[in-house]
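Next come the chains, spelled out residue by residue.
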Amino acid sequence: MKPGSTARDCPFDFAEALEFDPQLKSVLTDEPIARIRLPHGEGEAWLVTRYEDVRTVTTDRRFSRSAIIGRNFPRMTPEPIVQDEAINVMDPPASSRLRSLVSKGFAPRHLERMRVRTQHVVDELLDQMDQHGSPADLMEHLAGPLPLTTICEVLEIPEADSSQLRAHARTMMDTGIDNRDSAVHAKAEMRAYFETLTAHRRQNPGDDLISALATARDGDEILNDQELTVMAMVLLITGQDTTTYEIGNIAYTLLTRPKELAMLRARPEMLPQALEELLRFIPFRKGVGIPRVATEDVELSGVKIRAGDIVHVSYLTANRDSRKFERPDELDLERTTLPHMTFGWGGHHCLGAPLATTELQIALGTLLERFPGLKLAKPAEEVRWNTTSIWRYPLELPVTW
């Protein structure tokens, strides 16, 4: 087939445990740069799937994130999750300025405080799980509460507000066509909440991450009020549910692979390296995220992308590209090759990646140490999975020890 000659319908609704989406695999194999139609938004888009092509789109200034603002771009959710003022839709130099300021909030002293808080929360949660007794639901006792508790502590969000904020975030990420009005409302409610909270922190800074961002300076540059509000929203949304899902996904993957689990228990020092491979291997979301717009005609791997075209990339397929990874569909905890793209790439690499990695290492390392006999309490095929969100994760993960 000539690349781009026929647009593929891509609902990206595949959600069978953590099997790789066969449609994405087909595009990567048969038509690495393909024309696609998504469930929501207007028109068609390009889907770029190979590692090197994804790297080009995410680093080449001829592909703009900010150009999607005001466009009803092809997407997976009824209402766009992203805010127009968010760093997610900025291009350099605006995004570079913001990233420089935000990175000060993830300075070593702040990360060390986050690490200490995370370990404290993990220990408390696992104490409670131990007291509850075997069997217990790992999603309920660890994966669910840990990231939300940690990010709310780091942002110093009152405990009484956290559950409603989480509900808003989940509503925004629901892919159901009947969800649009609810998503618009949730987005507005969350924004109003953070406008009030960030204004208060600007006037009364403390030791939390929002205060660190509010007072961060790069020369004369500071985050303005809108930037601070939206950044706090982004940190809450990306700093809790995604890590919850990955704790569940990684635990499930290890508990259904005795060889890999035994390797980690025998060699706990290899956990950081193993986590990088698990993050590469696990398809933790569906489809695609925020696209870019070609600002001029670009030829990419022999395909002509015209100025104004919408371009989506798939980090999932980039992580499975056989041109870059030997045996890409195999989980190899001793793999030490190229960096994965699970946290994105280039100027939009996830700012919260250090916090997410810290949480995963502490949660899973402590879990394996405290519960050496941990195993699934039911057959793997009986585990129930989410099917309605852009994220893929077990709804429950009953374990025994």
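Residues numbered from 1 in each chain as written. Predicted model: local features only at pLDDT ≥ 70, side-chain atom pairs only at ≥ 80, totals over all residues. Heavy atoms only, no water.

Enquirer: Explain the sheet that holds strand β5 (residues 136-137) here, please?
Expert: One key point about sheets: their strands pair by backbone hydrogen bonds, in either a parallel or an antiparallel sense. The three strands lie next to each other as β5-β11-β10, forming an open sheet whose pairing is antiparallel. The open sheet has two edge strands, β5 and β10 (375-376), and neither has a second partner. Pairing between β5 and strand β11 (residues 398-400): two bridges, direction antiparallel. For Asp-137, the partnering residue across the bridge sits in β11 and is Pro-398. (Pairing = 2+ DSSP bridges. Helix = DSSP H or I, 4+ residues; strand = E, 2+ residues; numbered from the N terminus.)

Enquirer: I would appreciate a short explanation of the packing of helix α10 (residues 225-255) against helix α12 (residues 271-281) in the present structure.
Expert: To characterise two packed helices, one gives the angle between the axes of the helices and the distance between these axes. As a packed pair, α10 and α12 sit with axes 11 Å apart at the nearest point and diverge in direction by 100°. Here α10 is positioned roughly perpendicular relative to α12, judged by the angle of their axes. Facing α10, whose interface residues are Glu-246, Ile-250, Thr-253 and Leu-254, α12 presents Leu-275, Leu-278 and Leu-279. The residue inventory of the contact of α10 with α12, partitioned by class, reads five nonpolar, one polar and one charged. (Axes fitted to C-alpha atoms, helices over the stretch in contact; angles between N-to-C directions. Parallel < 35°, antiparallel > 145°, perpendicular 65-115°, else oblique. Contact = heavy atoms within 4.5 Å. Nonpolar A, V, L, I, M, F, W, Y, C, P; charged D, E, K, R; others polar.)

Enquirer: In this structure, what is going on with unusual backbone geometry? I would like to understand it.
Expert: Both trends apply: most residues other than glycine have a negative phi, and most peptide bonds are in trans. For the bond from Pro-92 to Pro-93, the omega torsion is 5°, close enough to zero to count as cis. As for its position among the elements, Pro-93 is in the loop between β4 (63-64) and α3 (94-103). Backbone torsion omega between Ser-134 and Pro-135 reads 0°, so that peptide bond is classified as cis. Residue position: Pro-135 is located in the loop between α4 (108-132) and β5.

Enquirer: I'm lost on the packing of helix α6 (residues 145-155) against α10 in this one. Help?
Expert: For the pair α6 and α10, the least separation of the axes is 8 Å and the interaxial angle reads 155°. With respect to each other, α6 and α10 are oriented roughly antiparallel. Along this stretch, α6 crosses α10, giving a crossing that reads as right-handed. For the pair α6 and α10, the contacting residues are Leu-146, Pro-147, Leu-148, Ile-151, Cys-152 and Leu-155 in the first and Ala-232, Leu-235, Leu-236, Gly-239, Gln-240, Thr-243, Thr-244 and Ile-247 in the second. When its residues are assigned to classes, the contact of α6 with α10 shows ten nonpolar, four polar and no charged. (Left-handed = near helix turned anticlockwise from the far one by under 90°.)

Enquirer: I keep staring at the side chain of Arg-292 and nothing clicks. Help me out?
Expert: Relative to the helices and strands, Arg-292 is located in strand β6 (residues 292-294). For the buried Arg-292, no salt bridge is present, and the opposite-charge side chain at shortest range is Asp-91, 6.6 Å distant. Excluding residues within four positions of it along the chain, Arg-292 makes contact with Val-57, Thr-58, Phe-63, Ser-64, Arg-65, Ile-68, Asp-309, Ile-310, Val-311, Val-313, Tyr-315 and His-348. (Buried < 20%, exposed > 50% of the residue type's maximum accessible area, 1.4 Å probe, protein only. Lys, Arg positive; Asp, Glu negative; His and termini not counted. Salt bridge = Lys/Arg side-chain N within 4 Å of Asp/Glu carboxyl O.)

Enquirer: What exactly am I supposed to notice about the packing of aromatic side chains here?
Expert: Describing an aromatic ring pair means giving the distance of the ring centres and the angle of the ring planes. Taken as a whole and judged by the stated rule, the model has eight aromatic pairs. Linked through ring pairs, Tyr-245, Phe-284, Trp-391 and Tyr-393 together constitute an aromatic cluster. In this arrangement the basic side chain of Arg-280 is found over the ring face of Phe-325, its NZ or CZ atom lying 5.2 Å from the centre. Sitting over the ring of Phe-281, Arg-320 keeps its end group 4.5 Å from the ring centre. (Phe/Tyr/Trp six-rings, centres within 6.5 Å; stacked < 30°, edge-to-face > 60°. Lys NZ or Arg CZ within 6 Å of the ring centre and 35° of its normal.)

Enquirer: Any chance you could explain a negative patch on the surface here in plain terms?
Expert: Side chains of Glu-124, Glu-153, Glu-156 and Asp-207 sit close together on the surface and give a patch of like negative charge. Secondary-structure assignment places Glu-124 in helix α4. Looking at Glu-124, the relative accessible area reads 41%, which means it is partly exposed. (Patch = residues over 30% accessible without salt bridge, like charges linked within 9 Å, V, L, I, M, F, W, Y side chains within 5 Å. Areas by Shrake-Rupley, 256 points an atom, 1.4 Å probe, with all protein chains shown as cover. Charge placed at Lys NZ, Arg CZ, Asp CG, Glu CD.)

Enquirer: Explanation requested: the sheet that holds β4 in the structure shown.
Expert: Taken together, six strands build an open sheet; the order of strands is β1-β2-β3-β9-β6-β4 and the sheet is mixed. Two strands close off the open sheet at either side, each with one partner strand: β1 (8-9) and β4. Across four bridges, the pairing between strand β2 (residues 33-37) and strand β3 (residues 45-48) is antiparallel. Of the residues in β3, the one forming a bridge with Arg-35 is Trp-46. In the packing of helix α2 (residues 51-59) onto the sheet, contacts are made with β2, β3, β4, β6 and β9 (310-313), and the angle to β9 comes to roughly 125°.

Enquirer: What am I meant to see in the pairing of β3 here?
Expert: Along any regular strand the residues' side chains alternate between the sheet's two faces. Residues Ala-45 and Leu-47 point to one face of β3 and Trp-46 and Val-48 to the other, with burial holding for every one of them. Both β3 and β9 contribute to a ladder of three bridges, which runs parallel. Along β9, the bridge assignment pairs Val-48 with Val-313.

Enquirer: Can you walk me through α3 in this structure?
Expert: Residues three or four positions apart in an α-helix share a direction because the helix packs 3.6 residues into each turn. Turning to α3, its buried residues number three or more, namely Ser-95, Leu-98, Leu-101 and Val-102. Looking down the long axis of α3, one finds its buried residues gathered within 130° of arc, a one-sided arrangement. Turning to α3, the residues buried within the fold contact α9 (209-215) and α10. (Arc of directions from axis to C-beta.)

Enquirer: Mind showing me how you'd approach the state of the cysteines here?
Expert: What we call a disulfide is simply a covalent bond connecting the sulfur atoms of a pair of cysteines. Here the structure, examined in full by the defined rule, presents zero disulfides. Residue Cys-350 stays outside any disulfide, its sulfur separated by 17 Å from that of Cys-152, the closest cysteine. Residue class for Cys-350 comes out partly exposed when judged on its relative accessible area of 25%. (Disulfide = S-S within 2.5 Å.)

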